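Read off the chains here:
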Amino acid sequence: MDILEAAATLFAQRGYAATSVRDIGEQVGLLGGSLYHHIKSKEALFVRVHDIALQMAEDRIALAVSQLVDPWDRLEAACVTMLEIQLDPASLTMPLMNDFGTAPPEIRERLVAKRDAFETIFRDLVRDLPLDPSVDRGVYRLLLLTLLNNVSDWYREGGLAPRDIARQIVLIFRRQTA
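These figures come from a predicted structure and were not determined experimentally.

**What to know about the overall build of the chain**
Point 1. Counting secondary structure elements, the chain contains nine helices and zero strands.
Point 2. When its helices and strands are written in sequence order, the chain yields α-α-α-α-α-α-α-α-α.
Point 3. Projected onto its principal axes, the C-alpha coordinates of the chain cover approximately 60 × 35 × 30 Å.
Point 4. In the chain, which comprises 178 residues, the proportion classed as buried is 42%.
Point 5. When contacts within the chain are restricted to residue pairs at least 6 apart in sequence, those whose partners lie at least 24 apart make up 67%.
Point 6. Working note: accessible area of the chain is about 9700 Å², and carbon and sulfur atoms make up 53% of it.
Point 7. In the chain, 20 side chains carry a positive charge and 25 a negative one; their mean positions are 1 Å apart.

**Some words on the nonpolar core**
Generally speaking, soluble globular proteins have nonpolar side chains that are buried together.
Point 1. Judged by nonpolar contacts, the single largest core of 32 residues is most densely connected at Leu-75, Cys-79, Leu-83, Phe-122, Leu-144, Leu-148 and Ile-169.
Point 2. The element contributing the most residues to this core is helix 5 (residues 71-87), with 10 residues.
Point 3. The residues contacting Phe-122, other than those within four sequence positions of it, are Ile-61, Leu-75, Ala-78, Cys-79, Met-82, Arg-141, Leu-144, Leu-145 and Leu-148.
Point 4. Within the second largest apolar cluster, 19 residues are counted, among which are Ile-3, Phe-11, Tyr-16 and Ile-39.

**Here we look at the pattern of salt bridges**
Point 1. Overall, the coordinates contain eight salt bridges when judged by the stated rule.
Point 2. A salt bridge links Arg-163 to Glu-84; the shortest N-O distance between them is 3.4 Å. With Arg-163 in helix 9 (residues 162-174) and Glu-84 in helix 5, the pair connects residues that are 79 residues apart, well separated along the chain.
Point 3. Using a relative accessible area of 28% as the deciding quantity, one classes Glu-84 as partly exposed.

**Thoughts on the packing of aromatic side chains**
Point 1. Under the counting rule described, the total for this entry stands at five aromatic pairs.
Point 2. Both rings, one in Tyr-140 and one in Phe-173, keep their centres 5.2 Å apart while their planes meet at 85°; by these two values the pair is edge-to-face. In this pair, Tyr-140 sits in helix 8 (residues 137-150) while Phe-173 sits in helix 9, placing the two residues 33 residues apart along the sequence. Residue Tyr-140 shares its accessibility class with Phe-173, and that shared class is buried.
Point 3. One aromatic cluster is present, built from ring pairs that chain together Phe-11, Tyr-16 and Phe-46.

**Some points on the packing of helix 1 (residues 3-14) against helix 2 (residues 21-28)**
Point 1. Look at helix 1 against helix 2: their axes get within 9 Å of each other, and the N-to-C directions meet at 130°. Put simply, helix 1 runs oblique to helix 2. Seen along the crossing, helix 1 lies across helix 2 with a hand that is right-handed. Judged by residue contacts, Ile-3, Ala-6, Ala-7, Leu-10, Phe-11 and Arg-14 of helix 1 engage Asp-23, Ile-24, Gln-27 and Val-28 from helix 2.
Point 2. Considered class by class, the residues forming the contact of helix 1 with helix 2 number seven nonpolar, one polar and two charged.

Reading guide: rules and limits
Residues numbered from 1 in each chain as written. Predicted model: local features only at pLDDT ≥ 70, side-chain atom pairs only at ≥ 80, totals over all residues. Heavy atoms only, no water. Helix = DSSP H or I, 4+ residues; strand = E, 2+ residues; numbered from the N terminus. Buried < 20%, exposed > 50% of the residue type's maximum accessible area, 1.4 Å probe, protein only. Contact = heavy atoms within 4.5 Å. Areas by Shrake-Rupley, 256 points an atom, 1.4 Å probe, with all protein chains shown as cover. Lys, Arg positive; Asp, Glu negative; His and termini not counted. Charge placed at Lys NZ, Arg CZ, Asp CG, Glu CD. Core = buried A, V, L, I, M, F, W, Y, C linked by side-chain atoms within 4.5 Å. Salt bridge = Lys/Arg side-chain N within 4 Å of Asp/Glu carboxyl O. Phe/Tyr/Trp six-rings, centres within 6.5 Å; stacked < 30°, edge-to-face > 60°. Axes fitted to C-alpha atoms, helices over the stretch in contact; angles between N-to-C directions. Parallel < 35°, antiparallel > 145°, perpendicular 65-115°, else oblique. Left-handed = near helix turned anticlockwise from the far one by under 90°. Nonpolar A, V, L, I, M, F, W, Y, C, P; charged D, E, K, R; others polar.

In structure tokens form, the structure reads like this:
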């Protein structure tokens, strides 16, 4: 097993704070001290895994919207893809994103830049929507992302599929009034 893959799995399962370098080393067959020959630090490894996971999510969303022209169709495709990533039990992306708060402050600062870049996708999608001018697009985007990021708190297998939940979210967000 690759070091990044082992670290990603452990960070997703246990969280940043509960994962040690020794744990990662055991997964790849190295002693904790030997692992430092391959990595700079646990913190650097977490940042790298986080960045890769977010980049993979960003790439999937960009691909999903790339062939669409209608701004509402583009937003829906982005929301569907985001929920498919987030609600996939095998996904490492969302557990890593949800563990953001347990990372030390100096690491969080480094993660914020990547998150801001990721949110640019949704900033651009919301910018292109034909919304009433009285709607604050920043608030609209933050509410949308907050909702998408928290679906996993209440989602249960056997109910609506991620695609259907995303469609409902866009339908509700599209129904804003003047």
